[in-house]
There are 2 protein chains.
Amino acid sequence: MGLVVQKYGGSSVADAEGIKRVARRIVDTKKGGHQVVVVVSAMGDTTDELIDLAEQVSPIPAGREFDMLLTAGERISMALLAMAIKNLGHEAQSFTGSQAGVITDSVHNKARIIDVTPGRIRTALDEGNIAIVAGFQGVSQDKKDITTLGRGGSDTTAVALAAALDAEVCEIYTDVDGVFTADPRVVKKARKMDWIAFEDMLELASSGSKVLLHRCVEYARRYNIPIHVRSSFSGLPGTWVSSERPAGLAQLTSRLAPHPASHPASQSASESASQGDSPVEQAIISGVSHDTSEAKITVVGVPDKPGEAATIFRAVADAEINIDMIVQNVSAAATALTDISFTLPKSEGHKAMEALTRAQKVIAFDSLRYDDQIGKISLVGAGMKTNPGVTATFFEALSNAGVNIELISTSEIRISVVTRADDVNPAVQAVHSAFGLDSDSDEAVVYGGTGR
Amino acid sequence: MGLVVQKYGGSSVADAEGIKRVARRIVDTKKGGHQVVVVVSAMGDTTDELIDLAEQVSPIPAGREFDMLLTAGERISMALLAMAIKNLGHEAQSFTGSQAGVITDSVHNKARIIDVTPGRIRTALDEGNIAIVAGFQGVSQDKKDITTLGRGGSDTTAVALAAALDAEVCEIYTDVDGVFTADPRVVKKARKMDWIAFEDMLELASSGSKVLLHRCVEYARRYNIPIHVRSSFSGLPGTWVSSERPAGLAQLTSRLAPHPASHPASQSASESASQGDSPVEQAIISGVSHDTSEAKITVVGVPDKPGEAATIFRAVADAEINIDMIVQNVSAAATALTDISFTLPKSEGHKAMEALTRAQKVIAFDSLRYDDQIGKISLVGAGMKTNPGVTATFFEALSNAGVNIELISTSEIRISVVTRADDVNPAVQAVHSAFGLDSDSDEAVVYGGTGR
């Protein structure tokens, strides 16, 4: 039996009972004959409490010290978890990010992993220990300072260790059952997928799914580490995220999608399902994701000549703002002026408006419009670009639900639209249903989707 | 101006306000032209909360993991303190025990410092930083595991760093004003001393004073590092603990003890005071300490022949119990049997009784008596052994207060008695008064004493 890396989030180890439950699960895995490396987050609200303390002593916490502070959280949970495992009669040792060999750059609060040198972990495993590793943290290569990996850091720690240790799987334990075809809080009939390809998961993560962050999935794809997202509460199988569908999952899928499609909208998808596990060149709808954390800025009356758009986005980039979708309308011939719209995180809206206002002296546009009452709906699935029927069905579904579309953007395996924020939930429900993804539909192709 | 090491205990940094207050004090020291190294304990009750969590997940927490857990406490306080200092416009960096070069043995939960290699601290100071160091923790020399130094560990960290960095003083900030001639909660007229010699402080620490632990004072004496114990709340000068009385303190002392003695009991002490700062060969009473944390075990009817006492104390030592006072009564000639009594921490009483009960098969004593309603009163002062009047006054004071003495033990500079626990407070008050230590007494010799 091989090596398994398991990651448990803060909600799984929120209190002593949670830690003991997680310890039993880990011991069960060990008893199954595996070597086990566990990556653990800080308990429950610990990180938020530490941030709150930091804000009380200093309005602008310093990067290096802030990382030193936050890493105390995982130190507590990992030590308690190791104790709980030892109390069950198994050997366990805990390791900080630094001790585990997680080497990062020096960008405090959002460091990137440069290298993983898990010599101490390997030794601990060879001596029969379960190794417990603090997620979210590392040590900088140049200064040997403690760093944190930023949002989703613990998942990335787990995948990076799995890659460095050549693990057979990286299990991400969380408080949901897996990756769903849509957010179950919005779509009651959303289905848990048993498998989704790395590429589709990347698109879902980019377009609003919160289960796994883009960064972690990208790391897993690069090193081809299968991820198994599952619940630490239920113990049921969750969703596999990997390059190819695991062989053992075929039967389950055919049981879930036994009938040929009769509904036009789901035709291409169900064809693929009925043909088995080789979805090459077929449109496979993974799921529907949504995101209401963005705002839209429209730059009105931009002179329609080369270089104006570049100047606008340079101004935004100089303010270190990441933008998402960009749309430029066709120029009104009479005026030689055009409008440029883009979306960005609401949290950066104020900064972007300031940067653009300053840039107005150079660009000479008419005005700026800021709109934070928008939402984004995305349909993700392999091969949809070559299946025109998918796009048509998507827009028909939105139209039938009375949803007006403000912006459109597409990739090889994703189509996204911006709508009014109020329209997001009915839009997601309509699209989910139109593609036969609802859990009581015989036509479903349960290959992918989005989590909560 | 030289380098100052400051240590702040958990009560000084119990909350964000406390941390900000401590930060201001540190910055003031820096502004005074000093290089500053700060050793900090965990905030308020943090350590107790972590211990409570550990007990919830495992009844017998493992040493290595327990240390990993507890060290999270100082990590939080040191990072917050560094942030608070930076917020005041000064540069600060925090360092774990490991980063600060505190190298220990591998005895988890009560590691001993083997070496201190403060290269990173020196660099941080040279770059103009205030260095904040986690107290109570280190890293083991052989396994590179995180260790904790046990009770009083943060004070020891501070003194060890002061020695390694050749500091001019180690300031121990606490929640009392300094070292007192007796516990102020018992003796209302107890005086704060301005200075006490290392040797007297060691005796006070051994006999019940809680202000500084024996271990920390012993370390300071070995490397001749002056300690200044003072309040982090009042900002007033506290008590210096050093090999010789600092020159600047002479005036203060002569002001406190201006008159020749008239009371016989304090004669030898006041003679010394009136002769200035050279107390050689004179009895200088430092103070009165007491301890109610011990119990007494009496082994009744021990055969009075060579080797029996050794067998008894070997049995106790094998159970890893530290004993304090030992008294063997004169053998009753008629029976050739004797009684042996000793005192030990109450917390180890059960273990000792078990060990002795097992040993009864070998030693053949009659019975064991266990008594945890005892107290110990000690008088500490240089040169008292050569001044018979001191001992006489001590026993007269106890007699006048109606206190019965159960055991007596003496050293060069200390005399201790065991009494009923109920007699401790009146005994301490009587002795304190008899030696003219009361703060409204003209006869006082304020050279030493015991803390809270």
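Calculation notes
- Residues numbered from 1 in each chain as written.
- Chains lettered and ligands numbered in written order.
- Predicted model: local features only at pLDDT ≥ 70, side-chain atom pairs only at ≥ 80, totals over all residues.
- Heavy atoms only, no water.
- Helix = DSSP H or I, 4+ residues; strand = E, 2+ residues; numbered from the N terminus.
- Buried < 20%, exposed > 50% of the residue type's maximum accessible area, 1.4 Å probe, protein only.
- Contact = heavy atoms within 4.5 Å.
- Areas by Shrake-Rupley, 256 points an atom, 1.4 Å probe, with all protein chains shown as cover.
- Pairing = 2+ DSSP bridges.
- Axes fitted to C-alpha atoms, helices over the stretch in contact; angles between N-to-C directions.
- Phe/Tyr/Trp six-rings, centres within 6.5 Å; stacked < 30°, edge-to-face > 60°.
- Lys NZ or Arg CZ within 6 Å of the ring centre and 35° of its normal.
- Buried area = accessible area lost by both parts, 1.4 Å probe.
- Salt bridge = Lys/Arg side-chain N within 4 Å of Asp/Glu carboxyl O.
- Polar contact = N/O pair within 3.5 Å; in protein donor to acceptor, adjacent residues only side chain to side chain.
- Least-squares fit on C-alpha atoms with pLDDT ≥ 70 in both.
- Parallel < 35°, antiparallel > 145°, perpendicular 65-115°, else oblique.
- Left-handed = near helix turned anticlockwise from the far one by under 90°.
- Nonpolar A, V, L, I, M, F, W, Y, C, P; charged D, E, K, R; others polar.
- Disulfide = S-S within 2.5 Å.
- UniProt positions renumbered as here; feature names shortened; annotations may be inferred.

### Description of the overall build of chain A
For chain A, the helix and strand inventory stands at 13 helices and 20 strands. Per-residue burial over chain A gives 58% buried out of 452 residues. Long-range pairs, those at least 24 residues apart, make up 75% of the contacts in chain A between residues at least 6 apart in sequence. For chain A, the accessible area works out to roughly 18200 Å², and carbon and sulfur atoms hold 49% of it.

### A closer look at the sheet that holds strand β5 (residues 113-116) of chain B
Residues and elements named next belong to chain B. Pairing is mixed across the open sheet formed by four strands, whose spatial order is β5-β4-β7-β8. Each edge of the open sheet carries a strand with a single partner, namely β5 and β8 (146-148). In this sheet, neighbouring strand axes are inclined to one another by 45° on average, regardless of whether the strands run parallel or antiparallel. Looking at chain direction, strand β4 (residues 102-104) and strand β7 (residues 137-140) are connected through two bridges and run parallel. By the bridge assignment for β7, Thr104 is matched with Ser140. Against the sheet, helix α5 (residues 153-164) engages β5 and β7, with an angle of about 40° to β5.

### Comments concerning the packing of aromatic side chains
As enumerated under the stated definition, the model contains eight aromatic pairs over all chains in all. Relative to Phe342 of chain A, the ring of Phe313 of chain A has its centre 5.4 Å away and its plane inclined at 70°; by these criteria the two rings are edge-to-face. Note that Phe313 of chain A is positioned in helix α10 (residues 308-318) and Phe342 of chain A in strand β16 (residues 337-345), a separation of 29 residues in sequence. Of the two residues, Phe313 of chain A and Phe342 of chain A, neither departs from the other in class, the shared state being buried. Arg222 of chain A extends its terminal NZ or CZ atom over the ring of Tyr219 of chain A, reaching a point 5.5 Å from the ring centre. One residue, Arg64 of chain B, lies across the ring of Phe95 of chain A, its end atom 5.0 Å from the ring centre.

### Some thoughts on the interface of chain A and chain B
Taken together, the 41 residues of chain A in the interface contact 41 residues of chain B. Each partner contributes to the roughly 3300 Å² buried at the junction of chain A and chain B, and carbon and sulfur atoms together form 63% of this total. Here chain A and chain B share two salt bridges between them. Measuring nitrogen to oxygen at the nearest pair gives 2.7 Å for the salt bridge that ties Asp145 of chain A to Arg120 of chain B. There are 16 residue pairs in polar contact (both at pLDDT 80 or more) connecting chain A and chain B. For the side of chain A that touches chain B, the elements supplying multiple residues, two or more each, are α1 (16-31), α2 (46-57), α3 (63-87) and β3 (92-95) of chain A. Counting residues per element, the side of chain A that touches chain B draws most heavily on α3 of chain A, at 17 residues.

### Structural notes on the relation of the copies chain A and chain B
In this structure, two copies of a chain are linked by a rotation about an axis accompanied by a shift along it. Its rotation angle being 180°, the transformation that places chain A on chain B also includes 0.0 Å of axial translation and leaves an RMSD of 0.1 Å. The transformation just described matches what one would write down for a two-fold rotation axis. The position closest to the rotation axis in chain A is occupied by the C-alpha of Ala72 of chain A, lying 2.3 Å away. The fraction of interface residues of chain A whose copies in chain B are also interface residues reaches 100%, indicating that both copies meet through the same surface.

### Some details on the side chain of Thr393 of chain A
Within the secondary structure, Thr393 of chain A sits in helix α12 (residues 388-400). Of note is the side chain of Thr393 of chain A, whose polar atom sits 2.8 Å from the backbone oxygen of Gly389 of chain A.

### What to know about the packing of α2 of chain A against helix α3 (residues 63-87) of chain B
Following both chains from N to C, one finds α2 of chain A and α3 of chain B inclined at 30°, their axes separated by 8 Å at the closest point. Between α2 of chain A and α3 of chain B, the angle falls in the class roughly parallel. In the packing of α2 of chain A onto α3 of chain B, the handedness of the crossing is right-handed. Two secondary-structure elements touch here, α2 of chain A through Leu50, Leu53, Ala54 and Val57 of chain A and α3 of chain B through Ile76, Leu80, Met83, Ala84 and Asn87 of chain B. Taken together, the residues that form the contact of α2 of chain A with α3 of chain B break down as eight nonpolar, one polar and no charged.

### A few points about the state of the cysteines
Evaluation of the coordinates by the stated rule reveals zero disulfides over all chains. Take Cys170 of chain B: it sits in no disulfide, and the sulfur closest to it among the cysteines is that of Cys216 of chain B, at 6.7 Å.

### Regarding the UniProt feature "binding site: substrate" (unreviewed entry) in chain A
Residues and elements named next belong to chain A. The UniProt record marks Thr47 and Glu74 with the feature "binding site: substrate" (unreviewed entry), using the residue numbering of this structure. These residues run over 28 residues, yet every pair of their C-alpha atoms falls within 8.9 Å of each other. Its location among the elements puts Thr47 in helix α2. Among residues more than four places away in sequence, those in contact with Thr47 are Ala42 and Leu70. Position of Glu74 relative to the elements: it lies in helix α3. Given a relative accessible area of 2%, Glu74 falls into the buried group. Filtering out sequence-adjacent residues up to four positions away, Glu74 remains in contact with Val40, Ser41, Ala42, Ala134, Gly135, Phe136 and Gln137.

### Points about the sheet that holds strand β10 (residues 195-197) of chain B
In a beta sheet, neighbouring strands are held together by backbone hydrogen bonds and run either parallel or antiparallel to one another. Residues and elements named next belong to chain B. Taken in spatial order, the eight strands make up an open sheet running β3-β6-β2-β1-β9-β11-β12-β10, and their pairing is mixed. The open sheet has two edge strands with one neighbour each: β3 (92-95) and β10. For this sheet, the mean angle separating the axes of adjacent strands, direction not counted, is 20°. Strand direction decides the pairing type here: strand β1 (residues 3-8) and strand β2 (residues 35-40), joined by six bridges, are parallel. Pairing of Val5 across the sheet is with Val37, part of β2. Contacts from α3 reach β2, β3 and β6 (130-134) within the one sheet, and its direction differs from that of β6 by about 165°.

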